[in-house]
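Next come the chains, spelled out residue by residue.
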Amino acid sequence: GEKVEQHESTLSVREGDSAVINCTYTDTASSYFPWYKQEAGKSLHFVIDIRSNVDRKQSQRLTVLLDKKAKRFSLHITATQPEDSAIYFCAASGTGGYKVVFGSGTRLLVSP
Amino acid sequence: EAAVTQSPRNKVAVTGGKVTLSCNQTNNHNNMYWYRQDTGHGLRLIHYSYGAGSTEKGDIPDGYKASRPSQENFSLILELATPSQTSVYFCASGGRDINERLFFGHGTKLSVL
């Protein structure tokens, strides 16, 4: 089955810098790649997604890039702010059935 | 905003006891999921359902049962709780199309002593 690997377990940046979180997947049939954010002690909420028919999507300070050939996708956060500090999860789905497979999460720390 | 409500928020159980975690969604979503979150493992899928009356095994179903009696409700049942099931459990719902965002509940912190 699909496996999603999230490469950075923790990432520390200074406020105002950019942050990049990378994920790889194994199933070439995956077609939907969402990202979720979990702030300390809270639940997960959706932040951005990308579908396999495009290779880039931007929403304000967030950009997702998808490289289908390498089976890799990444979340780019520009001009980071302390409130960006959280755990970010990447995920993949679309192989048929109803399963969404998550990566192990990246803890992003933005220091002033 | 779509709403997923879990109960209880916190639960302490004894080894060998029965635990039921409940989830209710008002999104009229077909798909519902139970995940557990453990440090180093991220979110792992336990059971899921694609509609009332259906339950399917996820990636780590051993020791868990699920029940979907209605579109709105999806329960996770630990018949004989063990300390290894100490974790945070999240319920989520999603539309008929798997390729849409999920909505998560606030989570249930379960401690099995």
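Please read these numbers as outputs of a predicted model, since none were measured by experiment.

Draft legend 1. Representation of the environment of Tyr 35 of chain B. With respect to the helices and strands, Tyr 35 of chain B occurs in strand E4 (residues 31–38). Owing to a relative accessible area of 1%, Tyr 35 of chain B belongs among the buried residues under this scheme. Along the chain, Tyr 35 of chain B and Ser 93 of chain B lie 58 residues apart, while their C-alpha atoms are 11 Å from each other. Setting aside residues no more than four positions away along its own chain, Tyr 35 of chain B makes contact with Val 100 and Phe 102 of chain A together with Leu 43, Arg 44, Leu 45, Ile 46, Val 88, Tyr 89, Phe 90, Leu 102 and Phe 104 of chain B. At 2.9 Å, the side chain of Tyr 35 of chain B and the backbone oxygen of Val 100 of chain A are in polar contact.

Draft legend 2. View of the state of the cysteines. All names here are of chain A. For the coordinates displayed, the defined rule picks out 2 disulfides over all chains. The disulfide that involves Cys 23 links it to Cys 90, with 2.0 Å between the sulfurs. Here the S-S torsion is close to -100 degrees, and the disulfide linking Cys 23 with Cys 90 is therefore left-handed. Taken as a pair, Cys 23 in strand E3 (residues 19–25) and Cys 90 in strand E9 (residues 86–93) lie far apart in primary sequence, 67 residues in all.

Draft legend 3. Spatial organisation of the sheet that holds strand E6 (residues 56–59) of chain A. Residues and elements named next belong to chain A. With antiparallel pairing, the 5 strands of this open sheet are ordered in space as E1-E3-E8-E7-E6. Two strands bound the open sheet, and with one partner strand each, they are strand E1 (4–6) and E6. Direction aside, neighbouring strands of the sheet carry axes that sit 15 degrees apart on average.

Draft legend 4. The arrangement of the interface of chain A and chain B in detail. Of the residues lining the interface, 19 residues belong to chain A; the matching set on chain B comes to 21 residues. The junction of chain A with chain B conceals about 1800 Å² of combined surface from both sides, 58% of it contributed by carbon and sulfur atoms. Scanning the region where chain A abuts chain B turns up 1 salt bridge. Notably, a salt bridge pairs Glu 100 of chain B with Arg 51 of chain A, separated by 3.4 Å at the nearest N-O pair. Linking chain A to chain B there are 6 residue pairs in polar contact (both at pLDDT 80 or more). Elements represented by at least two residues in the side of chain A that touches chain B include exactly strand E4 (32–38), strand E5 (44–51), E9 and strand E10 (100–102) of chain A. Looking at side-chain class alone, the side of chain A that touches chain B contains 8 nonpolar, 8 polar and 3 charged residues.

Cut-offs applied
Residues numbered from 1 in each chain as written. Chains lettered and ligands numbered in written order. Predicted model: local features only at pLDDT ≥ 70, side-chain atom pairs only at ≥ 80, totals over all residues. Heavy atoms only, no water. Helix = DSSP H or I, 4+ residues; strand = E, 2+ residues; numbered from the N terminus. Buried < 20%, exposed > 50% of the residue type's maximum accessible area, 1.4 Å probe, protein only. Contact = heavy atoms within 4.5 Å. Polar contact = N/O pair within 3.5 Å; in protein donor to acceptor, adjacent residues only side chain to side chain. Disulfide = S-S within 2.5 Å. Pairing = 2+ DSSP bridges. Axes fitted to C-alpha atoms, helices over the stretch in contact; angles between N-to-C directions. Buried area = accessible area lost by both parts, 1.4 Å probe. Salt bridge = Lys/Arg side-chain N within 4 Å of Asp/Glu carboxyl O. Nonpolar A, V, L, I, M, F, W, Y, C, P; charged D, E, K, R; others polar.

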